[in-house]
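# Per-entry structural report
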Amino acid sequence: MINTTKPVRVFFNKTGRAKYIAHLDMAKCLQRAIKRAEIPVWYTMGYNPHMYLNYPLALSLGYESTSEFFDVKMEPEDNNYEEIQEKLNSVMPEGIEITKVSPPKEEPKEIVWATYDMDIYFEKPDRIKEKFTEFINKDKIIVEKKSKKGMKEIDLKPVFEVISIDGGEDFINFSLKINAGIIFNVNPMLIINKFCEVYNEEISHFKIRRTGIFNENNERFS
């Protein structure tokens, strides 16, 4: 039997209370929403058929995002993208908003960068901008990162760029561009935590939002 299904990519925002939905639970949430919206997606064959849904780019618990996506497969005649978006939004939980439905143009493995907007609340916010500028100008920024083979040392210096740093009364706003993707992914707090370790700074809390995902040419992933 010839499989005539076509992939469909769904982009969405994950904000507010939804930021506390973990990655695996989010995949289940999306599947339930698709069923409630009666979207005719493709299921695997056999005794235990399950929905094909690929939600590859993990987002840390507690982070918001305006650049999430997942892929499903549908029959070509069912690809009314505006209708799919409307149906899904009608059943999504609070904090999940479908922003675009379209055919995918790139493979998830082509994601290389992500941008983050970060409000970091320091116990003593004085001179943080000055110290962070000194921090990013170091020759190397070595940290330990967990991998499939255990902990390994990596140099953060080549894997992030500072877009901007702005100060507030009790927080600093960092806008960063960081290596991301299913092949190699860096949590932005790895950078902030290393900075705090080097300069003996303490954080009271933070607000982090992923604002974009990009390919190696710095073009927005689509």
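All of these numbers come straight from a predicted model, not from anything done at the bench. (Residues numbered from 1 in each chain as written. Predicted model: local features only at pLDDT ≥ 70, side-chain atom pairs only at ≥ 80, totals over all residues. Heavy atoms only, no water.)

### Details of helix α1 (residues 23-36)
So the rule is basically this: Note on conventions: DSSP H or I runs of at least 4 residues are helices, E runs of at least 2 residues are strands, and numbering of each starts at the N terminus. Multiply 1.5 Å by the residue count of a helix minus one, and that product is the helix's expected span. Partly exposed residues are those whose accessible area sits between 20% and 50% of the maximum for their type, while under 20% is buried and over 50% is exposed, using a 1.4 Å probe and protein chains only. Taken from the helix axis, the directions to the C-beta atoms give the arc we talk about.
For α1, with 14 residues, the first-to-last C-alpha span of 20 Å sits near the 20 Å given by 1.5 Å per residue. Of all the residues in α1, the buried ones are Met26, Ala27, Cys29, Leu30, Ala33 and Ile34. For α1, the arc enclosing every buried residue in end-on projection is 160°, short of the 170-degree limit, so these residues lie on one face. Turned more than 90 degrees from where α1 packs its buried face, Leu24 and Lys35 sit exposed.

### With respect to the pattern of salt bridges
The cut-off we apply is this: By definition here, a salt bridge exists when the distance from a side-chain nitrogen of Lys or Arg to a carboxyl oxygen of Asp or Glu is within 4 Å.
Using the criterion set out here, one finds 8 salt bridges in the structure. Salt-bridge contacts for glutamate 64 lead to arginine 209; the nearest nitrogen and oxygen are separated by 2.6 Å. Of this pair, glutamate 64 sits in strand β3 (residues 64-74) while arginine 209 sits in strand β10 (residues 203-214); the two residues are 145 residues apart in sequence, bridging distant segments of the chain. Residues glutamate 197 and lysine 194 are paired through a salt bridge, measuring 3.3 Å at the closest nitrogen-oxygen approach. Of this pair, glutamate 197 and lysine 194 both sit in helix α4 (residues 188-199), 3 residues apart, which is roughly one turn of that helix.

### Comments concerning the nonpolar core
The condition that has to hold: Here, nonpolar core means buried Ala, Val, Leu, Ile, Met, Phe, Trp, Tyr and Cys residues that are tied together by side-chain atoms lying within 4.5 Å of each other.
Counting 37 residues, the largest nonpolar core has Met118, Phe132, Leu156 and Phe174 as its most contacted members. Those elements that provide at least two residues to this core are β5 (113-122), α3 (128-136), β8 (160-167), β9 (172-179), α4 and β10. Counting residues per element, this core draws most heavily on α4, at 6 residues. Ile39, Phe70, Ile84 and Val91 belong to the second largest nonpolar core, which has 26 residues in total.

### Section: the packing of α3 against α4
Counted only if it meets this: Axes here refer to lines fitted to C-alpha atoms; in helices the fit is confined to the stretch in contact. Angles between the N-to-C directions go from 0 to 180 degrees. Put simply, angles under 35 degrees are roughly parallel, angles over 145 are roughly antiparallel, angles from 65 to 115 are roughly perpendicular, and the rest are oblique. Residues are treated as being in contact if the distance between any of their heavy atoms lies within 4.5 Å.
With their axes 11 Å apart at the nearest point, α3 and α4 run at an angle of 100° to one another. For the element pair α3 / α4, the angle class is roughly perpendicular. Across the interface between the two elements, Ile128, Lys131, Phe132, Glu134 and Phe135 from α3 touch Ile191, Ile192, Lys194, Phe195, Val198 and Tyr199 from α4.

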